[in-house]
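Summary of the model geometry
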Amino acid sequence: MGFYPLIRRLLFLVEPEKVHHITVQLIKIGLQIPLASKILKGDVKYQERLSKTVAGLNFHNPIGLAAGFDKNALFYEEMGALGFGFVEVGTVTPLAQDGNTKPRLFRLPKDKALINRMGFNNYGVDAMVEQLKKRKDKKLIVGGNIGKNKITLNEQAANDYFICFEKLHSYVDYFVVNVSSPNTPNLRALQDKDSLLEILGGIQERNEKKEIAKPVFLKIAPDLSNEQLDEIINIVEVCNIAGIIATNTTISREGLQSSKFEVEKMGAGGLSGLPLKNRSMEVLRYLRTKSKASLIIISSGGIMDAREAEERIDAGADLIQLYTGFIYEGPWLISRIKQALLNKINYPKL
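Notes on the structure in this doc start here. No experiment lies behind these values; they were computed from the predicted model shown.

Pairing within the closed barrel is parallel, and its eight strands lie in the order β3-β4-β7-β8-β9-β10-β12-β13. Across the sheet, the mean angle separating the axes of adjacent strands is 25° when strand polarity is ignored. With four bridges joining them, strand β8 (residues 174–178) and strand β9 (residues 216–220) adopt parallel strand pairing. Within β9, the position partnered with F175 by the bridge is V216.

Note that T324 resides in helix α12 (residues 324–329). For T324, a relative accessible area of 5% gives the class buried. A polar atom in the side chain of T324 sits 2.7 Å from the side chain of S272. Other than its neighbours up to four places away in sequence, T324 contacts K112, A113, L114, S272, G273 and M304.

On to the packing of aromatic side chains, then. All chains considered together, the criterion is met by ten aromatic pairs. Here a set of aromatic residues connected by ring pairs shows up, and it is made of F69, F75, F84, Y323 and F326. One cation-aromatic arrangement involves R107 over F12; the distance from NZ or CZ to the ring centre is 4.4 Å. The ring of F162 has R206 sitting right over it, with the charged end atom 3.8 Å from the ring centre.

Here we take up the pattern of salt bridges. What the rule picks out here adds up to 14 salt bridges. The salt bridge partner of D318 is R288, with a shortest N-O separation of 3.0 Å. With D318 in the loop between α11 (306–314) and β13 (319–322) and R288 in helix α10 (residues 277–290), the pair connects residues that are 30 residues apart, well separated along the chain. Three or more residues joined by partner-sharing salt bridges are found here, namely K112, E329 and R336.

Procedures and definitions
Residues numbered from 1 in each chain as written. Predicted model: local features only at pLDDT ≥ 70, side-chain atom pairs only at ≥ 80, totals over all residues. Heavy atoms only, no water. Pairing = 2+ DSSP bridges. Helix = DSSP H or I, 4+ residues; strand = E, 2+ residues; numbered from the N terminus. Axes fitted to C-alpha atoms, helices over the stretch in contact; angles between N-to-C directions. Buried < 20%, exposed > 50% of the residue type's maximum accessible area, 1.4 Å probe, protein only. Polar contact = N/O pair within 3.5 Å; in protein donor to acceptor, adjacent residues only side chain to side chain. Contact = heavy atoms within 4.5 Å. Phe/Tyr/Trp six-rings, centres within 6.5 Å; stacked < 30°, edge-to-face > 60°. Lys NZ or Arg CZ within 6 Å of the ring centre and 35° of its normal. Salt bridge = Lys/Arg side-chain N within 4 Å of Asp/Glu carboxyl O.

Here it is in structure tokens:
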């Protein structure tokens, strides 16, 4: 929408973490008003033709909301009503935790980027289960992104993932193992071979004993070398999980337009948004080239417009996820991507 830059300018006057809660409430209210709801969703005809089956799940469309936006499963159905084909809640940990000290979320408007060091702040897995029990829209695909508590040593980390998996299994459609956030001390060390085999192997062993097994994905960092990516592919295949989400945020600060002083003042954290676009695409292409066709890849990171979404699909992404693009471009980015995908496959235009 042409007026969104003005809305964004006003929203960006408010501290990022606070405006997040304000925006969600405004969306909730807007969806209850017929005219506002129609404007928020965008009038995309024939969008039912974008449905696809991935990992045995039927997605309304291939556009998902990445984890981190709805950490506690408080508004996943509203995000589905807004037009997302799937919503990933979390990252959730066994115990509630506050996360890192504030401020911990920063904007880089010149770069269309964010820096965050939230630190898995969440109400805990039991609270998430209670929210998911209220789920009304059974057709909306909901994923559970699981992690470990900050106080849990890496040697005991696998058990945190197992706890979250067991408690959420009846309430989510797929799982994402998050070992790639840069904001929990030593978490990325769990991307090494032995740790991943223990966590993924243990989850899949439990998964296969269930009456209905759920697809399991591994979310990886964009900062891995090709050799590390090769090892990841092998581990995913050995553990027989569904696929990979590529990628999480980056610790790199290369090529930013914002001043070095401004960026350094913000401190540590994961960078997301437009600066991640090229690296995320590189990882997607590498994974698709090196892996078997059966490996499912969900592409995330730097998808800021419809063209980029198309290019990810063309490069072999089975599904895509938005986060920072959703913040910078507004909810209408969803309908723009839908229309572009429909146009691409020669469906009638508006």
